[in-house]
Amino acid sequence: MSTLWHGRFEGGPAEELLAFTVSLPYDRRLAGDDITGSRAHVRGLARVGILTEAERDDVLEALDRVERELESGELVFVASDEDIHTAVERRVTELAGPAGGKLHTGRSRNDQVATDLRLYAKRELAGIAARVLALQGVLLDRAREAGDAYLPGYTHLQRAQPVLLAHHLLAHGWALARDLDRLADTRRRLDVSPLGAGALAGSSLPLDPEGTAEDLGFARVFDNSLDAVSDRDFVAEALFDLALLGVHLSRLAEELILWSTDEFGFLGLDDAWSTGSSMLPQKKNPDIAELTRGKTGRLIGNLTGLLATLKALPLAYNRDLQEDKEPLFDSLDTVALALSAMTGLLATSTLRTDVMAAAADSPTSAATDLAEHLVAGGLPFREAHAVVGALVRRSLDEGIALRDLVAASPELGPEAVGLLDEGVAVSRRTTRGGAGPAPVAAQLARFAERLTEDRDRWEQ
Ligand code: ARG
């Protein structure tokens, strides 16, 4: 068996070694980026005169053919193809003969794999962003369509004060906007070409790292060859971004799960986006939301796993770094699927605004408004809090309607009873960023504007 290093070795590799070191089963997905990287490298070699134009064209033609063979599934892998880089180079050499043997000039798999993975991550993170934008679009649509509908806002999962449904939905939208920021930041930082760093130290050949960086569409070129082949910060950052995005999706999922229970009754699941039970005929289950919540564990695991792999690695390339790919691929796949599924779930669910309003109109949810009414009359808030608290306690202990107690209260009186009317409490949330109709209308406009900006930013 012919390996990339056969010259130095008398015998071939042990079967167990290959079984353990092989990465082809998963790094095949870098094939397109590997070919892109090789094209730029070959053009660079020709620019500096290491390859003739004819040789360059032969290798480029072979790369085109390999690309087609990979796409059609014609390319037959052999046992010595330990990774996608080896497989592509082997096939190019078979096709282009001696010119193919020049493809790897001045290049190592160390700078090659770092280049491939950066190209891959740059594109895939944009794909994640597109899905985040789609989910935000649904959140915005549903927020708009919610109008003045309101539901209880919670702290400690206890009813606290009513909030507009649009306000609640947009709270998740803003968290996703921060995720987009993080993805953009990670992409900006990873936009550096490592090609030309060689195995670790650069080259004695007159390579053209700036030229290949430009050819590949990278914004910058590496400054330090050791760092270029060792740096996997971009993978760790991407895994963090995806883990936190997963945490946000999980928090949204948890609420949708709660809302879909009979106990809450705020949300009805669409048949196509929910599952039944094999035994319990009445069940309609929020499996999408549960899996979104559950898979977040893997996303966090992928991040901590990679950080543990990177910790204490000496410069420069170590084979440990091959462990960067599976967590990245898994997190990208997981988050992409979760985003699409959650977008569908949210777009098709019925929001039961009547049930929400009934829950929010429990008289005690206006308790803060009663206290603030007293404050407006000059009473210190602490005293107002105590007055209203005592009324609530009496209402609960003695089973007397809070309205009657408020009407009879010397501090509050009949004019305060109106504060307990349906829908009044939420309308009194008037401050910027607050949960009432006026600030939410302004917020909807800001969110829509931000969404347009983000869409433009990610389309480029
Ligand atoms: N498959 C390897 C990886 O993913 C490619 C680099 C191998 N380099 C080496 N010196 N053995 O990291």
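As shown above, the structure is provided for reference.
The sections below set out a description of the structure shown in this document.

Conventions and cut-offs
Residues numbered from 1 in each chain as written. Predicted model: local features only at pLDDT ≥ 70, side-chain atom pairs only at ≥ 80, totals over all residues. Heavy atoms only, no water. Near = heavy atom within 4 Å. Polar contact = N/O pair within 3.5 Å; in protein donor to acceptor, adjacent residues only side chain to side chain. Areas by Shrake-Rupley, 256 points an atom, 1.4 Å probe, with all protein chains shown as cover. Helix = DSSP H or I, 4+ residues; strand = E, 2+ residues; numbered from the N terminus. Nonpolar A, V, L, I, M, F, W, Y, C, P; charged D, E, K, R; others polar. Salt bridge = Lys/Arg side-chain N within 4 Å of Asp/Glu carboxyl O. Buried < 20%, exposed > 50% of the residue type's maximum accessible area, 1.4 Å probe, protein only. Axes fitted to C-alpha atoms, helices over the stretch in contact; angles between N-to-C directions. Parallel < 35°, antiparallel > 145°, perpendicular 65-115°, else oblique. Left-handed = near helix turned anticlockwise from the far one by under 90°. Contact = heavy atoms within 4.5 Å. Patch = residues over 30% accessible without salt bridge, like charges linked within 9 Å, V, L, I, M, F, W, Y side chains within 5 Å. Expected span 1.5 Å × (residues − 1). Core = buried A, V, L, I, M, F, W, Y, C linked by side-chain atoms within 4.5 Å. Lys, Arg positive; Asp, Glu negative; His and termini not counted. Charge placed at Lys NZ, Arg CZ, Asp CG, Glu CD. Pairing = 2+ DSSP bridges.

**A closer look at the site of the ligand**
By nearness alone, every residue bordering the ligand is listed as Ser23, Asp83, His85, Arg109, Asn110, Val113, Tyr317, Arg319, Gln322 and Lys325. One of the side-chain N or O atoms of tyrosine 317 is found 2.4 Å from an oxygen atom in the ligand. Here an oxygen atom of the ligand and a side-chain polar atom of lysine 325 are 2.6 Å apart. Look at the ligand: alone it shows 340 Å² of surface, and the protein chains cover 86% of it. For the shell around the ligand, the element with the highest residue contribution is helix H6 (residues 109-146), accounting for 3 residues. Residues belonging to the shell around the ligand are distributed by class as follows: 2 nonpolar, 4 polar and 4 charged.

**Topic: the pattern of salt bridges**
Considering all chains together, one arrives at 38 salt bridges under this definition. Measuring nitrogen to oxygen at the nearest pair gives 2.9 Å for the salt bridge that ties aspartate 64 to arginine 39. Residue aspartate 64 is found in helix H4 (residues 53-72), and its partner arginine 39 is found in helix H3 (residues 31-47); the two are separated by 25 residues along the sequence. One salt bridge connects arginine 394 with glutamate 398, and the closest N-O pair in it is separated by 3.3 Å. Residue arginine 394 and its partner glutamate 398 are both found in helix H15 (residues 381-398); the two are separated by 4 residues, about one turn of the helix. Arginine 394 sits in the partly exposed class, given a relative accessible area of 39%.

**Description of the environment of serine 409**
By the element assignment, serine 409 lies in the loop between helix H16 (402-408) and helix H17 (424-427). Residues serine 409 and arginine 428, spaced 19 residues apart in sequence, show a C-alpha to C-alpha distance of 22 Å.

**Looking at the packing of H6 against helix H7 (residues 165-190)**
The interhelical angle for the contact between H6 and H7, taken along N-to-C directions, is 165°, at an axis separation of 9 Å. The angle between H6 and H7 falls in the class roughly antiparallel. Note that H6 runs across H7; the crossing there is left-handed. In terms of residue class, the contact of H6 with H7 is made up of 21 nonpolar, 4 polar and 6 charged.

**Some details on the environment of aspartate 330**
For aspartate 330, the location among the structural elements is in helix H12 (residues 325-348). With 58 residues separating them in the primary sequence, aspartate 330 and valine 388 have C-alpha atoms 53 Å apart. Sequence-distant contacts of aspartate 330, that is, excluding residues within four places in its chain, are made with Arg298 and Asn302.

**A closer look at a nonpolar patch on the surface**
Side chains of Leu200, Leu226 and Leu315 sit close together on the surface and give an oily, nonpolar patch of about 270 Å² of accessible area. Checked against the element boundaries, leucine 200 lands in the loop between strand S3 (192-193) and helix H8 (209-215).

**Remarks on helix H18 (residues 437-459)**
Helix length check: H18 (23 residues) gives 33 Å between terminal C-alpha atoms against 33 Å at 1.5 Å per residue, within 8%. When H18 is considered as a whole, its buried residues turn out to be Pro439, Val440, Gln443, Leu444, Phe447, Ala448, Leu451, Asp454 and Trp458. On its buried side, H18 packs onto H6, strand S2 (158-164) and H7.

**Quick notes on the nonpolar core**
In terms of nonpolar packing, the biggest core is built from 97 residues, with Ile128, Leu165 and Trp259 touching the most fellow members. Not counting residues within four places of it along the chain, the set of residues in contact with tryptophan 259 comprises Leu151, Leu165, His168, Phe264, Gly265, Phe266, Leu267, Leu351 and Met356.

**Details of a negative patch on the surface**
A grouping of Glu449, Glu453, Asp456 and Glu459 is seen on the molecular surface, where their side chains present a negatively charged patch. Position of aspartate 456 relative to the elements: it lies in helix H18.

**Notes on the side chain of histidine 172**
Its location among the elements puts histidine 172 in helix H7. Note on histidine 172: relative accessible area 14%, which makes it buried. Within the structure, the side chain of histidine 172 is placed 2.8 Å from the side chain of glutamate 255, a separation counted as a polar contact.

**Digging into the packing of H3 against helix H5 (residues 84-96)**
Taken N-terminus to C-terminus, the directions of H3 and H5 make an angle of 55°; their axes are 10 Å apart at the nearest point. Considering the angle they form, H3 stands oblique to H5. Regarding H3 and H5, the two cross each other, and that crossing is right-handed. Along the contact surface, H3 presents Ala31, Asp34 and Ile35, while H5 presents Ile84, His85 and Val88. Each residue belonging to the contact of H3 with H5 can be placed in one class, and the counts come to 4 nonpolar, 1 polar and 1 charged.

**Side note on the pairing of strand S1 (residues 150-155)**
Of the pairings in the sheet, the one linking S1 to S2 comprises 6 bridges and is antiparallel in character. Across the sheet, the residue bridging to glycine 153 is glutamine 161, located in S2. Taken together, S1 and the strand that follows it, S2, pair antiparallel across an intervening segment of 2 residues, in which histidine 156 is found at a positive phi of about 55°.

**What to know about unusual backbone geometry**
For the bond running from leucine 315 to alanine 316, omega is 0°, close enough to zero to count as cis. In this fold, alanine 316 is placed in the loop between helix H11 (287-310) and H12. Backbone geometry places alanine 312, a non-glycine residue, at a positive phi of 70°. Assignment of secondary structure puts alanine 312 in the loop between H11 and H12. With relative accessibility at 68%, the residue alanine 312 sits in the exposed group.

**Thoughts on the environment of glutamine 161**
Along the polypeptide, glutamine 161 turns up in strand S2. Distance in space between the C-alpha atoms of glutamine 161 and valine 192 is 49 Å, their sequence separation being 31 residues. Apart from residues no more than four positions distant in its own chain, glutamine 161 is found in contact with Leu151, Pro152, Gly153, Ser365, Thr368 and Arg429.

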